Amino acid sequence: MTTTDKNYANASEYYQQAQQAYDAGQFEEACRLVQASIAIKHVDVALRHAALNLLAITFSLTQQLDKAISVWRELEKDLPNDVTILSNIGMALTDLERYDEAIQYLLRATQTAPSYATAHLNLSVAYFQNGDLAKARASNEQALIHDPTCMDARFNLAKILEDERRFEDAVQAYWDIFALDPAYTKAMMGMLHIQSYVYP
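Residues numbered from 1 in each chain as written. Predicted model: local features only at pLDDT ≥ 70, side-chain atom pairs only at ≥ 80, totals over all residues. Heavy atoms only, no water.

Visitor: How would you explain the overall build of the chain if you had to name every residue and give the values?
Guide: If you tally the helices and strands in the chain, you get 11 helices and 0 strands. Principal axes of the C-alpha set define a box for the chain whose edges measure 70 × 35 × 25 Å. Split into buried and exposed, the 200 residues of the chain put 40% on the buried side. When contacts within the chain are restricted to residue pairs at least 6 apart in sequence, those whose partners lie at least 24 apart make up 47%. (Helix = DSSP H or I, 4+ residues; strand = E, 2+ residues; numbered from the N terminus. Buried < 20%, exposed > 50% of the residue type's maximum accessible area, 1.4 Å probe, protein only. Contact = heavy atoms within 4.5 Å.)

Visitor: Describe in detail unusual backbone geometry, supporting the description with residues and values.
Guide: With a phi angle near 60 degrees, Q63 is a residue other than glycine that sits in the positive phi range. By the secondary structure assignment, Q63 is in the loop between helix 3 (45–61) and helix 4 (65–78). A positive phi angle, close to 65 degrees, is found at E97, a residue other than glycine. The residue E97 is located in the loop between helix 5 (83–95) and helix 6 (99–112) in this model. What makes E97 exposed here is its relative accessible area of 57%.

Visitor: Give me the lowdown on the nonpolar core, citing residues and values where you can.
Guide: Grouped together as the largest cluster of nonpolar side chains are 48 residues, with contacts concentrated most on V34, W72 and I89. Ranked by residues supplied to this core, first place goes to helix 3 with 7 residues. Leaving out residues up to four positions away in the same chain, W72 has contacts with N53, A56, I57, S60, I85, N88, I89 and A92. Of all hydrophobic cores here, the second largest spans 14 residues; its members include F155, A158, A173 and A187. (Core = buried A, V, L, I, M, F, W, Y, C linked by side-chain atoms within 4.5 Å.)

Visitor: I'd like a description of helix 3, backed by residues and values.
Guide: For helix 3, built from 17 residues, the straight-helix expectation of 24 Å at 1.5 Å per residue is met to within 8% by its first-to-last C-alpha distance of 24 Å. Regarding helix 3, the residues found buried are L47, H49, A51, L52, L54, L55, A56, T58 and F59. Here helix 3 starts with a cap whose side-chain oxygen sits 3.2 Å from the backbone nitrogen of A46, and that cap is D44. Q63 sits one or two positions beyond helix 3 and adopts a positive phi of about 60 degrees. (Expected span 1.5 Å × (residues − 1). Polar contact = N/O pair within 3.5 Å; in protein donor to acceptor, adjacent residues only side chain to side chain.)

Visitor: Outline the packing of aromatic side chains, supporting the account with residue identities and numerical values.
Guide: Scanning the model with the defined rule gives 4 aromatic pairs in all. With centroids separated by 5.8 Å and ring planes inclined at 45 degrees, the aromatic side chains of F155 and Y174 adopt a geometry described as tilted. Placement of the pair is F155 in helix 9 (residues 151–163) and Y174 in helix 10 (residues 167–180), with a sequence separation of 19 residues. Ring geometry for W175 versus F178: centroids 5.9 Å apart, planes at 80 degrees, classification edge-to-face. Here F178 and W175 lie together in helix 10, a separation of 3 residues that amounts to about one turn. For W175, a relative accessible area of 44% puts it in the partly exposed group. In this structure F178 comes out as partly exposed when scored by relative accessible area, which is 25%. An aromatic cluster is built from F155, Y174 and Y184, whose rings are joined through pairwise contacts. Taking the ring centre of F155 as reference, the NZ or CZ of K186 above it sits at 4.9 Å. (Phe/Tyr/Trp six-rings, centres within 6.5 Å; stacked < 30°, edge-to-face > 60°. Lys NZ or Arg CZ within 6 Å of the ring centre and 35° of its normal.)

Geometric values such as these leave the question of function open.
Here is the structure:
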């Protein structure tokens, strides 16, 4: 076995162990193992990309968002049109309240994959958090055009109505969601929330 083959085998083994640790919720161990995989020089680009993405996701789940963004941006250099990477960076930036940067990444995601409903949904969240309700509504409507079953987009539209103090319309929107999907408990919670301060 050549040195190149050995390096690939070792990097692959570390990655598989990292994936197992991740699946078991052992995120600190997953970080350690996947970083060990990344540190080994080999020529398999797909393995390197998978390892970097796993590291970024693990950083994100452990609220190390700046580190997650840094790793995803490294991946972006190789995969500039990967809609999932663009969306992940955008959502991490949204969580850090860096809305202008987040919106730019999420707009790129929607432009790269116009039919990808999740990108529109994520963009709507950034707009909503940034106080732009009109663009948030438009992005949720785009999400529903591409995925009519997206309950999160319907919920976001109801939240916008609530934020606009259109309480009757918001309650109706929550009821409509509940009728479509009784298991979507956030709709019932939304109705109860309105009732708690409109009809105390």
